[in-house]
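Single-letter residue listing:
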Amino acid sequence: MTTYPCRVVRTRRRTLTLEVTRTLEVIVRAPLRISDAEIARFTAAHQDWIARAIARQRDRQARHPEPTEAEAAALRRRAQEVLPGKVAAYARRMGVVPTAIHITSARTRFGSCSGKNSLSFSWRLMQYPEAAIDYVVVHELAHILRHDHSPAFYAIIEQVLPDYQSRRQLLK
């Protein structure tokens, strides 16, 4: 059995959880009053899951290495050139009007829609195929009509992109 260094974060929670970060750090989130022995038993019981999660993160890093500063700048420029036009075209088609468009450096999400209908897109999205970029744009615009992920929300996306599920798979 392999052991991994863990960081324990104690909070006012009731359950134990495990997380493997992008930096391959194992984090155990634990209730305030749980013993170190119980945390050790929990992590030992989940060694297989931890090993698989670390392998997934390593695989993800191999498939999507961190861009150099020059590459990141080029991706940001491309996002600033391409995304506003895509948003405008799909917004007209969907009959919606976003209040603003922002390009961010977000690492964990490709896009978001605020409660005030302001859209944000990560420049990292530009590393993906055009079909995936279009899916994220339509997904965020659909949030202007429905601020949830209900079946009705996905029906809106499907009206614009009938093949949205295969496009979404390109992001995984």
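Procedures and definitions
Residues numbered from 1 in each chain as written. Predicted model: local features only at pLDDT ≥ 70, side-chain atom pairs only at ≥ 80, totals over all residues. Heavy atoms only, no water. Helix = DSSP H or I, 4+ residues; strand = E, 2+ residues; numbered from the N terminus. Rg over C-alpha atoms; globule rule 2.2 N^0.38 Å. Buried < 20%, exposed > 50% of the residue type's maximum accessible area, 1.4 Å probe, protein only. Contact = heavy atoms within 4.5 Å. Pairing = 2+ DSSP bridges. Axes fitted to C-alpha atoms, helices over the stretch in contact; angles between N-to-C directions. Parallel < 35°, antiparallel > 145°, perpendicular 65-115°, else oblique. Left-handed = near helix turned anticlockwise from the far one by under 90°. Nonpolar A, V, L, I, M, F, W, Y, C, P; charged D, E, K, R; others polar. Phe/Tyr/Trp six-rings, centres within 6.5 Å; stacked < 30°, edge-to-face > 60°. Expected span 1.5 Å × (residues − 1). Bend = angle between axes of the 7 residues up to and from the residue.

1. So, the overall build of the protein
Helix and strand counts for the protein come out as six helices and six strands. Taken from N to C terminus, the helices and strands of the protein fall in the order β-β-β-α-α-α-β-β-β-α-α-α. Rg of the C-alpha trace for the protein: 20 Å, well past the compact-globule value of 16 Å for 172 residues, more than 25% over. Burial status across the protein gives 40% buried among its 172 residues. At a minimum sequence separation of 6, the contacts of the protein that also span at least 24 residues come to 50%.

2. Side note on the sheet that holds strand 2 (residues 17-20)
Read from one edge of the open sheet, three strands run 1-3-2, paired in mixed fashion. Both outer strands of the open sheet, strand 1 (6-11) and strand 2, are each paired with one neighbouring strand and no more. Strand-to-strand, the axes of this sheet are offset by a mean angle of 25 degrees, without reference to chain direction. By the bridge criterion, four bridges tie strand 2 to strand 3 (residues 26-31) in an arrangement that is antiparallel. Its bridge partner being in strand 3, glutamate 19 is matched across the sheet by isoleucine 27. Lying over the sheet, helix 1 (residues 36-45) contacts strand 1, strand 2 and strand 3, oriented at roughly 125 degrees with respect to strand 1. The strands touched by helix 2 (residues 47-63) are strand 2 and strand 3; relative to strand 2, the strand with the most contacts, the crossing angle is about 30 degrees.

3. Considering the packing of helix 4 (residues 130-145) against helix 5 (residues 151-160)
The N-to-C vectors of helix 4 and helix 5 enclose an angle of 130 degrees; their axes lie 9 Å apart at closest approach. Regarding the angle of helix 4 to helix 5, the classification is oblique. Regarding helix 4 and helix 5, the two cross each other, and that crossing is right-handed. When helix 4 is examined against helix 5, the residues Tyr135, Val138, His139, Ala142, His143 and Leu145 are found in contact with a partner set consisting of Phe153, Tyr154, Ile156, Ile157 and Val160. The residue inventory of the contact of helix 4 with helix 5, partitioned by class, reads nine nonpolar, two polar and no charged.

4. A few points about the packing of aromatic side chains
Inspection of the entire model under this criterion finds four aromatic pairs. With a centroid separation of 6.4 Å and an interplanar angle of 15 degrees, the aromatic rings of tyrosine 135 and tyrosine 164 are classed as stacked. Residue tyrosine 135 is found in helix 4, and its partner tyrosine 164 is found in helix 6 (residues 164-169); the two are separated by 29 residues along the sequence. Taken individually, tyrosine 135 and tyrosine 164 each receive the classification buried, so the pair is uniform in this respect. Measuring from centroid to centroid gives 5.8 Å for tyrosine 154 and tyrosine 164, while their planes differ by 20 degrees, and the two rings are stacked. With tyrosine 154 in helix 5 and tyrosine 164 in helix 6, this residue pair connects regions lying 10 residues apart in the sequence. Tyrosine 154 gets classed as buried once you look at its relative accessible area, which sits at 19%. For tyrosine 164, a relative accessible area of 8% gives the class buried. Through a chain of ring-to-ring contacts, three or more aromatic side chains come together here, namely Tyr135, Phe153, Tyr154 and Tyr164.

5. A short note on the pairing of strand 2
Only one face of strand 2 is covered, namely the face carrying Leu18 and Val20; the face carrying Thr17 and Glu19 is uncovered. Taking the residues between adjacent antiparallel strands as the criterion, strand 2 and strand 3 are bridged by five residues, where leucine 24 takes a positive phi near 70 degrees.

6. Quick word on helix 3 (residues 69-94)
For helix 3, with 26 residues, the first-to-last C-alpha span of 36 Å sits near the 38 Å given by 1.5 Å per residue. Of all the bends in helix 3, the greatest reaches close to 25 degrees and is centred on valine 82; the proline proline 84 follows between one and four positions later. Along helix 3, the positions that sit buried rather than exposed are Ala72, Leu75, Ala79, Leu83, Lys86, Val87, Tyr90, Ala91 and Met94. Lining the buried residues of helix 3 we find strand 4 (100-104), strand 6 (118-122), helix 4 and helix 5. Phi turns positive, to about 70 degrees, at glycine 95, one or two residues after helix 3.

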